[in-house]
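Here are the chains, one letter per residue:
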Amino acid sequence: AQKVTQAQTEISVVEKEDVTLDCVYETRDTTYYLFWYKQPPSGELVFLIRRNSFDEQNEISGRYSWNFQKSTSSFNFTITASQVVDSAVYFCALSSRGGGADGLTFGKGTHLIIQP
Amino acid sequence: EADIYQTPRYLVIGTGKKITLECSQTMGHDKMYWYQQDPGMELHLIHYSYGVNSTEKGDLSSESTVSRIRTEHFPLTLESARPSHTSQYLCASTSPPTGSQPQHFGDGTRLSIL
């Protein structure tokens, strides 16, 4: 069975601070894919990044960066110089080629609050 | 940019009514999904489809049913709504190879059963 754990239920920081959202996953598959999605208050899910299990390179996109470490089964997400518009719920998700549905297994989400 | 549309955006309706939530995508994706999300909680897969005339139940048991008569259309139906069905329902689709590609989500339907 697959599992995604986002231990931080809610994080509140002041604007311009850096913040890291943790994600730990469990899977028995050797080929799998990790995703981060953003859910603003309006409710839609916005895709942020995908990482496959064979690519442990970290990635940076503007103020966003992701750290994938297979040794610790973690896929953490850092926002540098946070802004109020970053306030949202962030979900980490996992899918594998071995799963019948190829549906996503989601973590419970981290509610990020950026205070002005 | 993904083009996947859900209607209605919000629905408040009484117990016992039949409800159909619409989901359409214009990307020609074969694989489509329905997720249920209770307030403040994670998403759970309730239905998916590999293509026309294919429907499967997801990880979370649901009293809803789905159909896939056309590639672009994947509606979800509740025959008799109950307060326990109050939730947000999100539709998604993806291009092959499935599992590796990101799922593109609609804006969701927030359903409230009185």
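Residues numbered from 1 in each chain as written. Chains lettered and ligands numbered in written order. Predicted model: local features only at pLDDT ≥ 70, side-chain atom pairs only at ≥ 80, totals over all residues. Heavy atoms only, no water.

1. Some thoughts on the confidence of the model for chain A
For any part of a model where pLDDT is low, the fine detail of the predicted coordinates should not be relied upon. Worth spelling out the cut-off: Known as pLDDT, the predictor's confidence for each residue is given on a scale from 0 to 100. Helix numbers and strand numbers start at the N terminus; a helix is a DSSP run of H or I with at least 4 residues, a strand a run of E with at least 2.
Predicted confidence across chain A gives a mean pLDDT of 91, with 95% of residues reaching 70 or more. Here strand β7 (residues 59–61) of chain A is the element of chain A with the lowest mean pLDDT, 87, and strand β3 (residues 19–21) of chain A is the one with the highest, 98.

2. Considerations on the sheet that holds strand β1 (residues 4–7) of chain B
Residues and elements named next belong to chain B. To keep it simple, the criterion reads: Strands are treated as partners if at least two bridges between them are detected by DSSP.
Ordered in space as β1-β3-β8-β7, the four strands form an open sheet in which the pairing is antiparallel. A single partner strand is all that each edge strand has here, and the edge strands are β1 and β7 (65–66). In the sheet, strand β3 (residues 19–25) pairs with strand β8 (residues 76–78) via three bridges, with the strands oriented antiparallel. In the sheet register, I19 faces β8, and the bridge partner there is L78.

3. As for the environment of I113 of chain B
Residues and elements named next belong to chain B. What counts here: By definition, residues are in contact when any of their heavy atoms lie within 4.5 Å.
Secondary-structure assignment places I113 in strand β11 (residues 109–113). Taking the C-alpha atoms as reference points, I113 and K17, separated by 96 residues in sequence, lie 9.1 Å from one another. If we ignore the near neighbours within four places in the chain, the residues touching I113 are I13, G14, T15, I19, A81, R82, P83, H85 and T86.

4. Overview of the nonpolar core
Here is the rule: What makes a nonpolar core is a set of buried Ala, Val, Leu, Ile, Met, Phe, Trp, Tyr and Cys residues whose side-chain atoms join them at distances within 4.5 Å. For the exposure calls, accessible area comes from a 1.4 Å probe over protein chains only, and a residue counts as buried if that area is under 20% of its type's maximum, exposed if over 50%, partly exposed in between.
Judged by nonpolar contacts, the single largest core of 23 residues is most densely connected at L21, W36, F75, F77, Y90 and L112 of chain A. At the level of secondary structure, the elements contributing two or more residues to this core comprise β2 (10–14), β3, β5 (32–39), β8 (64–69), β9 (74–79), β10 (88–96) and β12 (110–115) of chain A. At four residues, the largest contribution of residues to this core is made by β10 of chain A. Grouped together as the second largest cluster of nonpolar side chains are 17 residues, I4, C23, F74 and Y89 of chain B included.

5. Some thoughts on the interface of chain A and chain B
Our working rule: The quantity reported as buried area is the accessible area (1.4 Å probe) lost by two parts once they are put together, taken as the sum for both. By salt bridge we mean one thing: a side-chain nitrogen of Lys or Arg within 4 Å of a carboxyl oxygen of Asp or Glu. N or O atoms within 3.5 Å of each other form a polar contact, as long as, within protein, one can give a hydrogen and the other can take it, and as long as residues adjacent in sequence are counted only when both atoms are side-chain atoms. The classification used treats Ala, Val, Leu, Ile, Met, Phe, Trp, Tyr, Cys and Pro as nonpolar, Asp, Glu, Lys and Arg as charged, and all other residues, Gly among them, as polar.
Contacts between the two partners involve 22 residues from chain A and, on the opposite side, 25 residues from chain B. A combined buried area of about 1900 Å² lies between chain A and chain B, and 49% of that area is made up of carbon and sulfur atoms. Taking the shortest distance from any N to any O, the salt bridge between E42 of chain B and K108 of chain A comes out at 3.1 Å. Run the count over chain A and chain B and you get six residue pairs in polar contact (both at pLDDT 80 or more). Of all elements in the fold, only β5, β6 (46–52) and β10 of chain A reach the threshold of two or more residues within the side of chain A that touches chain B. Top contributing element to the side of chain A that touches chain B by residue count: β5 of chain A, with four residues. Of the residues that constitute the side of chain A that touches chain B, the class distribution is 10 nonpolar, seven polar and five charged.

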